[in-house]
Amino acid sequence: MLKKWWHNTIGYQIYPKSFQDTNGDGIGDIRGVIRHLDDLQDLGINVIWLCPIYKSPMVDHGYDISDYDRIDPMFGTNEEMEELILEADKRGIKILMDLVVNHTSDQHEWFQKAMADPDSEYADYYIIKEGDGNNPPNNWRSIFGGSAWEKIGDTNKYYLHLFTKGQPDLNWENPKLREIIYDMVNRWLDMGLGGFRIDAISHLKKNFAYVNQPADGPDGLASAWDYFRNAKGLNVFLNELNEKTFKPHNALTIGEVDDVRPEELGEFIGDDGYFSTIFDFCHTQFHVKDKEWKDRPLEMIRELRERLFAKQDYAKGHGLMCNFTDNHDTSRSVERFIPEAYISFYSESLLASVNFFLRGIVFLYQGQEIGMRDYQKKSINEFLDLATFNNYNGYLLKGMTEEEALEKVNNECREHSRTPMQWNDRKNAGFTEGTPWFEVNPNYRRINYETQKKDENSLLSYYKKMIALRKREDLEEAFIYGDTIPRYEDQDGIIAYERRYEGKRILAIHNCNAREIRLPLGDEIGEILLNNYEKLNVGDGNVVLSGFQSVITKLI
Ligand code: NOJ
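Residue numbers restart at each chain and count upward from 1, following the sequence in its written direction. The predicted origin of the model limits local features to residues at a pLDDT of at least 70 and limits the giving and counting of side-chain atom pairs to 80 or more, whereas totals for whole chains, interfaces and linings rest on all residues. No hydrogens and no water enter the side-chain calculation; it runs on all heavy atoms of the structure.

Draft legend 1. Summary view of the overall build of the protein. Working definition: helices are DSSP H or I runs of at least four residues, strands are E runs of at least two. Numbering for both runs from the N terminus. On a plain count of helices and strands, the protein comes out with 17 helices and 21 strands. What the globule rule says is 2.2 Å times the number of residues to the power 0.38, and the radius of gyration is computed from C-alpha atoms. Scaling as 2.2 N^0.38, a compact globule of 556 residues should have a C-alpha radius of gyration of about 24 Å, and the protein matches this with 24 Å. If you line up the protein on its principal axes, its C-alpha atoms span 80 × 55 × 50 Å. Partly exposed residues are those whose accessible area sits between 20% and 50% of the maximum for their type, while under 20% is buried and over 50% is exposed, using a 1.4 Å probe and protein chains only. Burial status across the protein gives 60% buried among its 556 residues.

Draft legend 2. Structural view of the sheet that holds strand β20 (residues 542–545). On the basis of which strands lie adjacent, the open sheet formed by three strands has the order β17-β20-β19 and antiparallel pairing. Single-partner strands in this sheet number two, and they are β17 (517–520) and β19 (537–539). For this sheet, the mean angle separating the axes of adjacent strands, direction not counted, is 20 degrees. With three bridges joining them, β19 and β20 adopt antiparallel strand pairing. Pairing of Val 538 across the sheet is with Val 543, part of β20. Paired strands, in this sense, are two strands between which DSSP finds at least two bridges. Axis definition: a line fitted to C-alpha atoms, over the contacting stretch in the case of helices. Angles run 0 to 180 degrees between N-to-C directions.

Draft legend 3. The packing of helix α13 (residues 386–397) against helix α14 (residues 402–412), seen in detail. At a minimum axis separation of 9 Å, α13 and α14 run at an interaxial angle of 140 degrees. For the element pair α13 / α14, the angle class is oblique. As for the relative orientation of α13 and α14, their crossing is right-handed in sense. Note on element contacts: α14 touches α13 through Glu 402, Ala 405, Leu 406, Lys 408, Val 409 and Glu 412, opposite Thr 388, Tyr 392, Tyr 395 and Leu 396. Three classes are used: nonpolar for Ala, Val, Leu, Ile, Met, Phe, Trp, Tyr, Cys and Pro, charged for Asp, Glu, Lys and Arg, and polar for all others, with Gly counted as polar. Among the residues making up the contact of α13 with α14, the classes are represented as six nonpolar, one polar and three charged. Roughly parallel refers to an angle under 35 degrees, roughly antiparallel to one over 145, roughly perpendicular to one between 65 and 115, and oblique to any angle outside these ranges. Left-handed is the label given to a crossing in which the near helix is rotated counterclockwise from the far helix by less than a right angle, and right-handed is the label when the rotation is clockwise. Residue contacts are defined here by distance: any two heavy atoms, one from each residue, within 4.5 Å place the two residues in contact.

Draft legend 4. Inspection of helix α4 (residues 109–116) at higher detail. Of all the residues in α4, the buried ones are Trp 110, Phe 111 and Ala 114. Projected down its long axis, α4 carries its buried residues within an arc of 95 degrees, all on one side. In this structure, the buried side of α4 is in contact with β4 (67–71), β8 (157–160) and α5 (175–190). What the arc covers is the set of directions going from the helix axis to the C-beta atoms.

Draft legend 5. Structural context of a negative patch on the surface. Among the surface-exposed residues, Glu 402, Glu 403, Glu 404 and Glu 407 lie close enough to one another that they form a single negatively charged patch. Taking the relative accessible area as the measure of exposure, Glu 407 reaches 52% and is therefore exposed. Like-charged residues are merged into a patch within 9 Å and nonpolar side chains (Val, Leu, Ile, Met, Phe, Trp, Tyr) within 5 Å, provided each residue has over 30% relative accessible area and no salt bridge. Accessible surface area values rest on a Shrake-Rupley calculation with a 1.4 Å probe, where residue burial reflects the displayed protein chains alone. Should a side-chain nitrogen of Lys or Arg be within 4 Å of a carboxyl oxygen of Asp or Glu, the pair is scored as a salt bridge. Positive charges are assigned to Lys and Arg, negative charges to Asp and Glu, while His and the chain termini are left out of the count. In this description, the location of a charge corresponds to atom NZ of lysine, CZ of arginine, CG of aspartate or CD of glutamate.

Draft legend 6. Structural view of the sheet that holds strand β2 (residues 47–50). One open sheet holds the eight strands; their spatial order is β11-β10-β9-β5-β2-β1-β13-β12, and the pairing between them is parallel. A strand with exactly one partner marks an edge of an open sheet, and here the two such strands are β11 (277–279) and β12 (322–323). Bridging between strand β9 (residues 195–198) and strand β10 (residues 252–256) involves four bridges; their strand directions are parallel. Within the sheet, the bridge partner assigned to Phe 196 lies in β10 and is Thr 253. On the sheet, α5 packs against β5 (94–99) and β9 and is oriented at approximately 135 degrees with respect to β9.

Draft legend 7. The arrangement of the nonpolar core in detail. Each nonpolar core is a collection of buried residues, namely Ala, Val, Leu, Ile, Met, Phe, Trp, Tyr and Cys, held together in the definition by side-chain atoms within 4.5 Å. With 139 residues, the main nonpolar core has Met 81, Phe 196, Phe 246, Phe 275 and Phe 357 as its most contacted residues. If we ignore the near neighbours within four places in the chain, the residues touching Met 81 are Ile 30, Leu 50, Ile 53, Ile 71, Ile 95, Met 97, Trp 188 and Leu 193.

Draft legend 8. Summary view of the site of the ligand. Of all residues adjacent to the ligand, which total 13 residues, the nearest are Asp 60, Arg 197, Asp 199, His 328 and Asp 329. For this analysis, a polar contact is any N or O atom pair within 3.5 Å, provided that within protein one partner can donate a hydrogen and the other can accept it, and provided that sequence-adjacent residues contribute only side-chain to side-chain pairs. The separation between an oxygen atom of the ligand and a polar side-chain atom of Arg 197 is 3.0 Å. Side-chain polar atom of His 328 to an oxygen atom of the ligand: 2.8 Å apart, as the coordinates give it. Here the ligand loses 97% of its free accessible area of 300 Å² to cover by the protein chains. Class assignment of the residues belonging to the shell around the ligand gives a composition of three nonpolar, three polar and seven charged. The criterion for a residue being near a molecule or strand is simple. One of its heavy atoms has to lie within 4 Å of it.

By themselves, these observations are geometric and do not establish any function.
In C-alpha cells, the structure reads:
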C-alpha cells in the first residue's frame, strides 16, 4: 500500500448549524468554527469535515444545494470560508467540505430553468420521465419514504428524487453536466480545501429499466435498491470524477458508500481507488433498545465484534477504512451500544477505544468527545426533520400506535445528534445568545465541554489521551498500518485485538461486561499505554479486568 499524506487522519465532523453561533441568530456559523479551532487543535485532530454550508433552502438541512459556489448567508460568507481554511491550516488542520452531487435543491437555477422550459438543455440535467398512464413512471419508493417521483405541473411528466421532493436527482448520464460539476469541485480544491466527504455517491447511476417492483409495504411502493445503489456502470462516473478532480489535487476523499462488495473494495479505496476511504455503516446499525438485542446485549457485542473484524479483514491489502461510530445521520453511539443502566465514564471510554485503535483512520462527530446524549421528545411535533416524520408516518401505516411510533423514532432518529453542541453550563450551553434553532439538551449543565476540559479524568481528557497515543511517534505507523489479529474470540463480551507491525505488538483489550473477567495474559504484558482504570490487576499469568475496563498495552 502506498503511503499517503492523509493516512494519519484524526478527523472531526462538524454539523455547522449546531456547533457555535456567533451572531445571535440561533444558528451555528463559520465564525463559530474559527472560534473553536484552538480547542480542536488541543483535542489533537488534524482534519475537519464540515456538513454542507452552501446556499440552500434547508429542506434537508443543507443537503439540498441551490448554489454550489456560494456559502449560505446563515453560515457566513465565501471570504470567511477562505479564512477558515487558512486559520485551520496554521494549526495543521485540513478542511473537508461535503460534496452533494447526486441531487441539487429544487431551488437551484438549473432546476428552475428545467421546470420553466422542459425543452431547454437544463431539463436534461435532471431525470425526467413520462408517467405510466396516470401513475408515476414506476413504483420506486424514495429513501425518505413516499414515491420517488414528483409530477411536474399539469404535464404527465415526473422528475426523480431519491430523497425529498426538494432534492431532484441529477442526470449523470449527461456529459456536459458532469464537466460542470468537475469544474465546480476543482474550484473548491484550488482554494485550498483538503478534500471532500462525498454524499450519497452510490446512487449516481440509475438502472433505467424502469420496471415496477413487487410492492414491499402497505404504501404499494418498492425500495428498489438494486436499481439505484451501486448500479452497474457506477464505476465509470466515479473513475472520471476522481481522474478529473480529486486525483490531480491529491485530495482526501471519503465516500458515503453503502454495501460495497468486499471483492470490490480495492476499486473503491485501493492505491488508485475512486476515493481515499469510505464511511461504511455496517457496524453502526445496532441499538441496545431494539427488540432484537434488548435482552441479549452480549450477543449484540458478539455480532458487532464479528462485523468489525470482518471489515478489518477485507480492507487488508486494499486500503484503510474509516473508523467511526457517530455522525449526523445516527443517534448518539452511547445510547446505541450501552444499556442505559451501564452508561458511565468506563463504558463510554471503552466504547470509544474499541473503535479507535483498529486499522484505518479515525473520525469523531461533534459532541462525541464529551459523551453527548440523545434528547428524547415527548411529542412528534418537537422534531424538525422530514426523514423523522416520514419514518413516523411509515410506522403508523404499518399498524403501530402513536406511542409505539414515537418510541421507535425516539430510539433511532438522526436528529438526536443534531442538538446544539454543549460548550458550558451557562445559557443555551454557550451555543448561542439567541434562540437556538433546535432545542439544547437540558443535560448540558452536567455534560459540557468546559467542565470536562478542567477534569483530567473526564471523557474529553480520555479522548485526548487516545489521540495522543495514536499519534505517538514510535507507534503511529503501527496503529495506521499494522495488521489486526483478533484475540479472545471465545470470550463473551470481550473485544480484543492485537496490532502487529514490523516486530511491534500492541494489544487493545476491552471488557464489555459489567462484571470482572479473568483472562490468560500476564507474561506478555509490556508498557501499558492506556487504561481507563487506575490499575490493571495482573498475576499468575492472568489479567483481571474490571467491568468495562479497557487497556491498550505493548506486548513483549
Ligand atoms: C446522506 C446525508 O448524510 C444525509 O444527511 C442526507 O439527508 C442524504 N444523504 C441526502 O443528501
